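Observations on the model geometry
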Amino acid sequence: MRVLTVVGNRPQFIKAAAVSGPLRREHEEVLVHTGQHYDDNLSAIFFGELGLDRPDRELEIGGGTNTSQTARMLAALEPLLDEAMPDVVLVYGDTNSTLAGALAGAQRGVPVVHVEAGMRSFDRTMPEELNRVLTDHVSELLLCSSDVAAANLQAESVRGVVEVVGDVMVDVALRLAPTAQAQTQTPASYGLKPGSYLLLTAHRAGNVDDPGRLKELVALVGALPKPVLFPVHPRTRERLRAAGMLDELERLDGLTLTEPLGYLQFSALACQARAIVTDSGGVQKEAYLAGVPCITLRSTTEWVETVGAGWNTLVDLDPERALAALEQPRPSERPSLYGDGKAAERCVQAIGRIQLASSAPRPASLQSGMVGG
Ligand code: UDP
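Residues numbered from 1 in each chain as written. Predicted model: local features only at pLDDT ≥ 70, side-chain atom pairs only at ≥ 80, totals over all residues. Heavy atoms only, no water.

**A closer look at the nonpolar core**
By size, the foremost hydrophobic cluster in this structure holds 38 residues, and its most contacted members are Val19 and Leu90. Counting residues per element, this core draws most heavily on helix H1 (residues 10-26), which supplies seven residues. The next biggest cluster of nonpolar side chains, apart from the first, holds 27 residues, and it includes Leu198, Ala202, Val228 and Leu255. (Core = buried A, V, L, I, M, F, W, Y, C linked by side-chain atoms within 4.5 Å. Buried < 20%, exposed > 50% of the residue type's maximum accessible area, 1.4 Å probe, protein only. Helix = DSSP H or I, 4+ residues; strand = E, 2+ residues; numbered from the N terminus.)

Right, here's the structure in full:
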């Protein structure tokens, strides 16, 4: 079977690094990089570090609004699908690349497989939420990280097949945990002592695109106990610079700003942090796996299990709530929430089971032409 995988941003390279190896042992994979993330330290570094093969195609579609970016991806994917003739289109997560890959596949009548299906923050103002919901409803096979995700899909009556396989990022995190934990010198290279510092990431549109929210974020960073290490996402750096707030942060005592880090370096710093402060989805999950408390700079999360287990606190951009959360004792238990590190193998098995269905003739209306003339 030929699987055309569409990836485009940092967490998707990590997810694809988990699945691509086992997938290629049984099937042919055509890996397409949309170019949504193009900086080397958000893209190239992950291919080298995580052993993901170079993409077969690079579409170089970054920048622009969500709508224009998605539209350009769709236009570029259509001829690629004609040429590659895949049996399945595989997408991950919740980005514009996910939606474009899913929609292009569905419009061509190719079964779409969505890994990390069913995640919901129930906040439709988040571009990611819109991408997830739409992708799930055009997918034939919906592979979920948790039972909660599967229940969300049942509640929405999706028409595809739903399976809980566990989380593929957990596969990578568990595989590389010993290597990351062995990097005990990494905090010292930033002048930090293990267990004494906060690791911060922030890049969500809801926190950095609106100047008012960005100002609140900067105030919160100012209020956090130091030392704080902040690998700054290019989107955030650009917004801070445009709002004239980057200098203010650079001058803050005890705050170290860096470029985005590679996966291993970031994991080494994460597992030795006192706590992690973030608005990332993947980082909330990784904090839980590492047994490090997480303070989430959002009012909702799709990783609800980490909150339920007491390891993750949603504080939005409220400094008082963040400080109070940092004082909370660590919970005594940390049950396994997102699988056993074998999610990728289950994904590949599930993809194999749709092989028969995909070889059935496609409905004529989906083979060509446009809906509505
Ligand atoms: N990450 C990284 N370097 C960094 C910050 C994050 O390698 O400087 C990794 C992190 O370990 C996690 C992923 O990037 O696996 C999360 O990506 P991001 O926060 O960009 O996206 P989200 O998960 O919010 O979609």
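**Looking at the site of the ligand**
By nearness alone, 18 residues border the ligand, and Arg204, Leu261, Ser280, Gly282 and Glu286 come closest of all. Measuring from an oxygen atom of the ligand, one finds a backbone N or O atom of glycine 281 at 2.9 Å. Glycine 282 is positioned with one of its backbone polar atoms (N or O) 2.7 Å from an oxygen atom of the ligand. Within the complex, the protein chains bury 96% of what would otherwise be the 540 Å² of accessible surface of the ligand. In a pocket analysis with a 2 Å cut-off to the grid points, the ligand is assigned to the largest pocket. Every element with two or more residues in the shell around the ligand is listed here: H1, helix H13 (263-271) and helix H14 (281-290). The element contributing the most residues to the shell around the ligand is H14, with four residues. Here the shell around the ligand is built from residues that sort into 10 nonpolar, five polar and three charged. (Near = heavy atom within 4 Å. Polar contact = N/O pair within 3.5 Å; in protein donor to acceptor, adjacent residues only side chain to side chain. Areas by Shrake-Rupley, 256 points an atom, 1.4 Å probe, with all protein chains shown as cover. 1 Å grid on protein atoms, 1.4 Å probe; cavity = no way out; pocket = protein on both sides within 12 Å on 5 of 7 lines; lining within 4 Å. Sits in = over half its atoms within 2 Å of the grid points. Nonpolar A, V, L, I, M, F, W, Y, C, P; charged D, E, K, R; others polar.)

**Some words on the confidence of the model for the chain**
Per-residue confidence for the chain averages 94 on the pLDDT scale, and 95% of its residues sit at or above 70. Predicted confidence for residues 360-373 stays below pLDDT 50, and this span has nine contacts to residues more than four positions away or in other chains. (pLDDT = per-residue confidence, 0-100. Contact = heavy atoms within 4.5 Å.)

**Comments concerning the sheet that holds strand E8 (residues 198-201)**
Ordered by their spatial adjacency, six strands build an open sheet running E10-E9-E8-E11-E12-E13, and the pairing between neighbours is parallel. Edge positions in the sheet fall to strand E10 (255-258) and strand E13 (312-314), since each has one partner strand and no second. This sheet shows a mean twist of 20° between the axes of neighbouring strands, independent of strand direction. As paired strands, E8 and strand E9 (residues 228-231) are joined by two bridges and run parallel to one another. Note on E9: the bridge partner recorded for leucine 198 is valine 228. Running at roughly 135° to E8, H13 makes contact with E8, E9 and strand E11 (275-278) of the sheet. (Pairing = 2+ DSSP bridges. Axes fitted to C-alpha atoms, helices over the stretch in contact; angles between N-to-C directions.)

**Let's talk about the layout of surface pockets**
The volume enclosed by the largest pocket comes to roughly 1200 Å³. In this structure, the largest pocket is lined by 50 residues; those nearest its centre are Asn9, His37, His203, His233 and Arg235. Looking at the lining of the largest pocket, the elements that each hand over two or more residues are H1, helix H3 (66-84), helix H5 (127-138), helix H11 (234-242), H13 and H14. Class assignment of the residues belonging to the lining of the largest pocket gives a composition of 18 nonpolar, 18 polar and 14 charged. (Points joined across faces, edges and corners; volume = space filled by probe spheres on them.)

**Some words on the pattern of salt bridges**
Taken as a whole, this structure holds 25 salt bridges when the rule is applied. The residue arginine 213 makes a salt bridge to aspartate 316 at a minimum N-O spacing of 2.8 Å. Taken together, the residues arginine 213 in helix H10 (residues 211-223) and aspartate 316 in the loop between E13 and helix H16 (319-327) connect sequence positions 103 residues apart. Each of Asp94, Glu129, Arg132, Arg298 and Glu302 takes part in one network of salt bridges that share partners. (Salt bridge = Lys/Arg side-chain N within 4 Å of Asp/Glu carboxyl O.)

**Some words on the packing of aromatic side chains**
Enumeration according to the criterion identifies three aromatic pairs in this entry. Between the aromatic rings of tyrosine 288 and tryptophan 311, the centroid separation amounts to 6.4 Å while the plane-to-plane angle is 90°, which identifies the pairing as edge-to-face. Within this pair, whereas tyrosine 288 is found in helix H14, its partner tryptophan 311 is found in the loop between helix H15 (304-308) and E13, the two being separated by 23 residues in sequence. Looking at tyrosine 288, the relative accessible area reads 4%, which means it is buried. Across from the ring centre of phenylalanine 47, 4.9 Å away, lies the NZ or CZ of arginine 54, which sits over that ring. Over the ring of tryptophan 311 we find arginine 334, and its NZ or CZ is 5.8 Å from the ring centre. (Phe/Tyr/Trp six-rings, centres within 6.5 Å; stacked < 30°, edge-to-face > 60°. Lys NZ or Arg CZ within 6 Å of the ring centre and 35° of its normal.)

**Quick look at the sheet that holds strand E7 (residues 161-164)**
Strand pairing in a sheet is mediated by backbone hydrogen bonds. Such pairs are either parallel or antiparallel. Read from one edge of the open sheet, seven strands run E3-E2-E1-E4-E5-E6-E7, paired in parallel fashion. What marks the edges here is a single partner per strand, and that holds for strand E3 (57-58) and E7. Pairing of strand E2 (residues 28-33) with E3 involves two bridges; the strand directions are parallel. Bridge pairing links valine 32 to arginine 57 in E3. Sheet strands in contact with helix H6 (residues 147-155) are strand E5 (112-117), strand E6 (141-144) and E7, and its direction is about 165° off that of E7. Sitting on the sheet, helix H17 (residues 343-353) touches strand E1 (2-7), strand E4 (88-92), E5, E6 and E7, and the angle it makes with E6 is about 165°.

**Structural notes on the state of the cysteines**
Working definition of a disulfide: a covalent bond connecting the sulfur atoms of two cysteines. Going through the model one piece at a time under the given rule, you end up with zero disulfides. Its sulfur unpaired, cysteine 144 is 10 Å from the next cysteine sulfur, which belongs to cysteine 347. Unpaired in terms of disulfides, cysteine 271 finds its nearest cysteine sulfur in cysteine 294, a separation of 14 Å. (Disulfide = S-S within 2.5 Å.)

**Focus on the side chain of arginine 237**
Mapped onto the secondary structure, arginine 237 falls in helix H11. Accessibility expressed as a relative area gives 14% for arginine 237, which makes it buried. Residue contacts for arginine 237: discarding those within four places in its chain leaves Val232, Leu246, Glu250, Thr258 and Glu259.

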